[in-house]
Amino acid sequence: MVHTFTALDCPIALDVNSGAVHVLDEMTYNVLRQVEHYESLPDTCPERVVQRLPYSPEEIDEVWKELKELEQAGLLFVKSDYIDPEWAVVKDAPVKALCLNVAHDCNLRCKYCFASTGDFGTGRKIMPFETAKAAIDFVIRRSGKRHNIEVDFFGGEPLMAWDTVKKTVEYARSIEKEHGKNFRFTITTNGMLLDEEKMEYINREMKNCVLSLDGRKEVNDDHRPTAGGQGSYDRIVPRYQKLVAGRGDKEYYVRGTYTKVHPDFAADVMHAADDLGFKNVSVEPATGKPGDPFAITEAELPAAKAEYEKLARELLHRPDINFFHFFVDLEQGPCVIKRMRGCGAGSEYVAVTPEGDIYPCHQFVGNEDFRMGNVHEDTFDQELANQFNALNIYTKPACQECWARFYCSGGCAAGGYNVNGDLAEPAYVACELERKRLECAIAMKAIRSGLAD
Amino acid sequence: MKHIKTLNGATLKQSACSGGCGECQTSCQSACKTSCTVANQQCEQQK
C-alpha cells in the first residue's frame, strides 16, 4: 500500500508497510497516484494508465524504472507479510500507566470540558492519599516485569489535591527500587494554583508537565473562565512562564483546545510560541457526542485542515518550535509492534478516581458500564480489559484501509465509543485530522531536509 | 535517481526485529489526552 499526497505543495509518497518516504517530482507523483492502490508494480506501466497521463511513453518509462527500482529495494509496495497481527494481541497485559484523577473538582469552568467542569458528573471530590497509595500498590502488583511506570496526575485540577500529589510521589519513590520500578510522573494542570513551591516541586519531580492554555487571551478567557466567570489568562500565563524558565531541559507542553467557536488555532499556537515564548506547544480539537456545541465535526473539517496547513507553513522555518502533532520521528520512533496497539487504554493504561474506581481511561470515568474494578479491593475486570486488549489496527476495520494506521495506531478508543458507540470504530473526524497533521509533518520534514522546496 | 528522492528508508520494517519490549510511554500520557499519535514518541531502546 502506497499513499501519495501533496502537502505544503510538496508531492510525497509514503510506503505504508515499510515506513519509507519519498519526495517526488510532479510527473512521478501523477504516475504513482494512478497506481498507488496496486499490490505490486507490473514490469511496465499499463497502457490504460499511460493513456490517462499527459506525458510521453518515454517519460513514463523513465519514471516507471525508478519506481521499480524502489520496489525491488524494499522501499515501495512492501507487503505487510513481515507483520504478524498476533504481535498486537497481548492477553492479560500488565498495567503500567495510571491516570490518577486526584481531584474531581476544578477551579475553572471550561465550556467544552468533557469532565463536566471537573467532577465527571459524579460529585466534587479530592482523592485521599490512602487511595493514591492503593493505586501505586495496584500498579506495582499488576505491572509484571515492566520497569517504567507512568503516573499522570490529572483531574479536574490536580493542584487542588496537592497534598495527595506530594505524598504519592514520595510514597512511590520510597518503594520503587525494592520493586525494580522506575516511576515517571507527569501532571496536567490549569495553572491557577501554581506557586513557587509547586513550581519547584513539579520541575524536580515531574518528567513532563502539561500546562493548559488556549492561546490568545480573548480565546482562552472565553473558553476557560474561572468559577466566578473571570478570565484565567492573566493569572496563569506569568506562572507558566516562570515554571518553564525553571524547567531546564525537562519536557513540558503548553496545551490548548480549539473548538467550533474558536477554530483559528494557528494564531493561538503562534501566540503561545512567539508572544509568550513557549517552545513546546500542542492543541487538540474539542471532542464530543454529536450535537456538542464545541466539538469539531465534519462540517468544520475543511477549515480545520486548512488551519493545520497554515500552521505548518508558519512553523516550517521555525525548528525552535515543537508542535506536538508535527513532530514525527521517521527514523527512531516506536517499533511497529507498538504502532499496532496504540495507547493501551483499558489494558496497560487505566484511570483511577478519588474513590479508587478503575476505568479504561480518563475519558470513560463516570460511565458505569466501563467500571473495571477498585484499587482498594484489588479488583480488575480482566474480561473487560481483554476487550480493550483486542483493539488494534487489525481488528478495527477502518484501519485496515487507512494509510496512517502505523502513525496513530488505531486512534482513540474513547473517541470511537463516544462518537460511534463502538470501541472498534474510530471517530472519522479525528481520523481525518490525524491524517492531515501527519501529511503536514512529513512534508515539513521533506522540506527541512532540503529534498523539496 | 532523477525523479525521486528518498527521505527515509524502511525503518518500520527494521523495527520489527527488535521491538515489542513494552517499556515505552503510553501515548495518551504525553500531551494529547484526546487523540492518539504514537509516531512522535521515542523508543526506549533507541535513547
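Here, every reference points to the structure presented above.
What counts, and where the lines are drawn
Residues numbered from 1 in each chain as written. Chains lettered and ligands numbered in written order. Predicted model: local features only at pLDDT ≥ 70, side-chain atom pairs only at ≥ 80, totals over all residues. Heavy atoms only, no water. Helix = DSSP H or I, 4+ residues; strand = E, 2+ residues; numbered from the N terminus. Buried < 20%, exposed > 50% of the residue type's maximum accessible area, 1.4 Å probe, protein only. 1 Å grid on protein atoms, 1.4 Å probe; cavity = no way out; pocket = protein on both sides within 12 Å on 5 of 7 lines; lining within 4 Å. Points joined across faces, edges and corners; volume = space filled by probe spheres on them. Nonpolar A, V, L, I, M, F, W, Y, C, P; charged D, E, K, R; others polar. Salt bridge = Lys/Arg side-chain N within 4 Å of Asp/Glu carboxyl O. Contact = heavy atoms within 4.5 Å. Buried area = accessible area lost by both parts, 1.4 Å probe. Pairing = 2+ DSSP bridges. Right-handed = clockwise from strand over helix to strand, strands pointing away.

## Quick look at the overall build of chain B
Then step 1. Assigned secondary structure in chain B consists of one helix and one strand.
Then step 2. In chain B, buried positions account for 66% of the 47 residues.

## Notes on empty space enclosed by the protein
The gaps left among the atoms become clear once a water-sized probe is rolled over them.
Then step 1. Tallying each qualifying case throughout the model produces four cavities of 30 Å³ or more.
Then step 2. Space inside the second largest cavity adds up to approximately 130 Å³.
Then step 3. Tallied by class, residues from the lining of the second largest cavity come to five nonpolar, six polar and two charged.

## Considerations on the layout of surface pockets
Residues and elements named next belong to chain A.
Then step 1. Reported here for the largest pocket is a volume of approximately 850 Å³.
Then step 2. Lining the largest pocket are 44 residues, and of these Thr287, Gly288, Lys289, Asn418 and Val419 lie nearest its centre.
Then step 3. Put simply, the parts of the chain that give the lining of the largest pocket at least two residues each are helix H15 (413–420) and helix H16 (428–448).
Then step 4. Of the residues forming the lining of the largest pocket, the biggest block, seven residues, is contributed by H16.
Then step 5. Along the lines of polarity and charge, the residues of the lining of the largest pocket split into 23 nonpolar, 16 polar and five charged.

## Structural notes on the pattern of salt bridges
Residues and elements named next belong to chain A.
Then step 1. On inspection of all chains with the given rule, the structure shows 35 salt bridges over all chains.
Then step 2. Among the ionic pairs, Glu197 bridges to Lys166, the shortest N-O distance being 3.1 Å. Within this pair, whereas Glu197 is found in helix H6 (residues 196–205), its partner Lys166 is found in helix H5 (residues 162–176), the two being separated by 31 residues in sequence.
Then step 3. By relative accessible area, which is 37% here, Glu197 ends up partly exposed.
Then step 4. A relative accessible area of 22% means that Lys166 is categorised as partly exposed.

## Considerations on the interface of chain A and chain B
Then step 1. Listed by partner, the interface residues are 79 residues for chain A and 42 residues for chain B.
Then step 2. Carbon and sulfur atoms make up 55% of the area that chain A and chain B hide from each other, which totals about 5,300 Å².
Then step 3. Of all residues in chain A, the largest losses of buried area upon contact with chain B belong to Glu66(A), Phe324(A) and Leu451(A), amounting jointly to 11% of the total for that side.
Then step 4. If you look at where chain A meets chain B, you find two salt bridges.
Then step 5. Between Arg184(A) and Glu44(B) there is a salt bridge, with the nearest N and O atoms lying 2.8 Å from each other.
Then step 6. Here the side of chain A that touches chain B takes six residues from helix H3 (residues 57–72) of chain A, the largest share from any one element.
Then step 7. Of the residues contributing to the side of chain A that touches chain B, the split by class is 37 nonpolar, 22 polar and 20 charged.
Then step 8. Sheet topology note: the strand E3 (residues 21–24) of chain A/strand E1 (residues 4–8) of chain B ladder contains four bridges and is antiparallel. From the neighbouring strand, His22(A) faces E1(B), where its bridge partner is Thr6(B).

## Overview of the pairing of strand E9 (residues 251–258) of chain A
Residues and elements named next belong to chain A.
Then step 1. Along E9, seven of the eight residues are buried, which leaves the element largely enclosed by surrounding structure.
Then step 2. Strand direction decides the pairing type here: strand E8 (residues 206–212) and E9, joined by five bridges, are parallel. Of the residues in E9, the one forming a bridge with Val210 is Tyr253.
Then step 3. Sheet topology note: the E9/strand E10 (residues 280–285) ladder contains five bridges and is parallel. Residue pairing in the sheet places Tyr258 in a bridge with Pro285 of E10.
Then step 4. Handedness of the crossover joining E9 and E10 through helix H9 (residues 265–275): right-handed.

Geometric descriptors of this kind do not, in isolation, establish any biological role.
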